[in-house]
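# Commentary on secondary and tertiary structure
Single-letter residue listing:
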Amino acid sequence: MDRKMLHSEDLSLQKQAIKRIEMLIHMMGSHLSTYVPKLMVLPMYAVDKDSLQAEGLCVLHFFFQNNWYMAACELRKLLNMRSEDVTSFVTGEVGLDMDVVSSLVTSLLTGCAEESRTSVGQRLKLVCADCLGALGAVDPGISKV
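Throughout what follows, the structure given in this document is the object of discussion. Nothing here was measured: the structure is a model prediction, and the numbers come from that model. (Residues numbered from 1 in each chain as written. Predicted model: local features only at pLDDT ≥ 70, side-chain atom pairs only at ≥ 80, totals over all residues. Heavy atoms only, no water.)

Helix and strand counts for the protein come out as eight helices and zero strands. Traced from its N-terminal end to its C-terminal end, the protein shows the element sequence α-α-α-α-α-α-α-α. Counting only carbon and sulfur atoms, one obtains 56% of the accessible surface of the protein, whose full area is about 8100 Å². (Helix = DSSP H or I, 4+ residues; strand = E, 2+ residues; numbered from the N terminus. Areas by Shrake-Rupley, 256 points an atom, 1.4 Å probe, with all protein chains shown as cover.)

If you want it as structure tokens, here you go:
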């Protein structure tokens, strides 16, 4: 149902779908990793739509907090595919809420600083560093990092 709502022409239905996706991610908790590829398609679709970019990034950030490594890998793909849009977000050219960018940068820095004793933890650090590199320089005057 959320997928149909997200693909609807009605912006209010699309935004409602994004909120439901976020609730679903929250409810799945520890079982989330099983469904990462299927779930990531929905916020990625939202980010591709100009009218839903901010909401899509918020869901990606929420997803990122719940499943670091898988979400970081998907975020890296998104940042590399949409590098021009990312530059517009980070420099403040686009009317995106800078709290989202600040929160994302904070999460990525936390991912880089995580103490890791496993190979997944080491890969997480590298992926987070790649994401920060893809974001580029964030203007400290407009971000809250």
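Having seen the model, we can carry on.
Scanning all chains against the criterion turns up zero disulfides. Here cysteine 73 is not disulfide-linked; the sulfur of cysteine 131 is the nearest cysteine sulfur, at 8.0 Å. Look at cysteine 73 and you get buried, because its relative accessible area is 14%. Note on cysteine 128: no disulfide assigned, nearest cysteine sulfur contributed by cysteine 112 at a separation of 5.1 Å. (Disulfide = S-S within 2.5 Å. Buried < 20%, exposed > 50% of the residue type's maximum accessible area, 1.4 Å probe, protein only.)

Let's shift gears to the pattern of salt bridges. Taken as a whole and assessed by the stated rule, the structure comprises three salt bridges. Across the pair glutamate 74 and lysine 77 runs a salt bridge whose closest N-O atoms are separated by 3.2 Å. Here glutamate 74 pairs with lysine 77, and both are found in helix H5 (residues 68-81), just three residues apart, close to one helical turn. Look at lysine 77 and you get partly exposed, because its relative accessible area is 46%. Here arginine 76 makes a salt bridge to aspartate 130, at a shortest N to O gap of 2.9 Å. (Salt bridge = Lys/Arg side-chain N within 4 Å of Asp/Glu carboxyl O.)

Moving on to the nonpolar core. Ranked by size, the top nonpolar core spans 39 residues in total, and within it Leu6, Ile25, Leu60, Leu75, Leu108 and Leu135 carry the most contacts. Residue assignment for this core shows that the elements contributing at least two residues are helix H1 (2-6), helix H2 (11-28), helix H3 (36-48), helix H4 (53-66), H5, helix H6 (83-91), helix H7 (98-113) and helix H8 (119-135). (Core = buried A, V, L, I, M, F, W, Y, C linked by side-chain atoms within 4.5 Å.)

Another aspect to go through is the packing of H7 against H8. It is the contact of H7 with H8, at a shortest axis distance of 8 Å, that shows an interaxial angle of 145°. Where H7 crosses over H8, the handedness of that crossing is left-handed. Contact residues: Leu104, Val105, Leu108, Leu109, Gly111, Cys112 and Ala113 in H7; Leu124, Lys125, Cys128, Ala129, Cys131, Leu132 and Leu135 in H8. When the residues that make up the contact of H7 with H8 are grouped by side-chain class, the tally is twelve nonpolar, one polar and one charged. (Axes fitted to C-alpha atoms, helices over the stretch in contact; angles between N-to-C directions. Left-handed = near helix turned anticlockwise from the far one by under 90°. Contact = heavy atoms within 4.5 Å. Nonpolar A, V, L, I, M, F, W, Y, C, P; charged D, E, K, R; others polar.)

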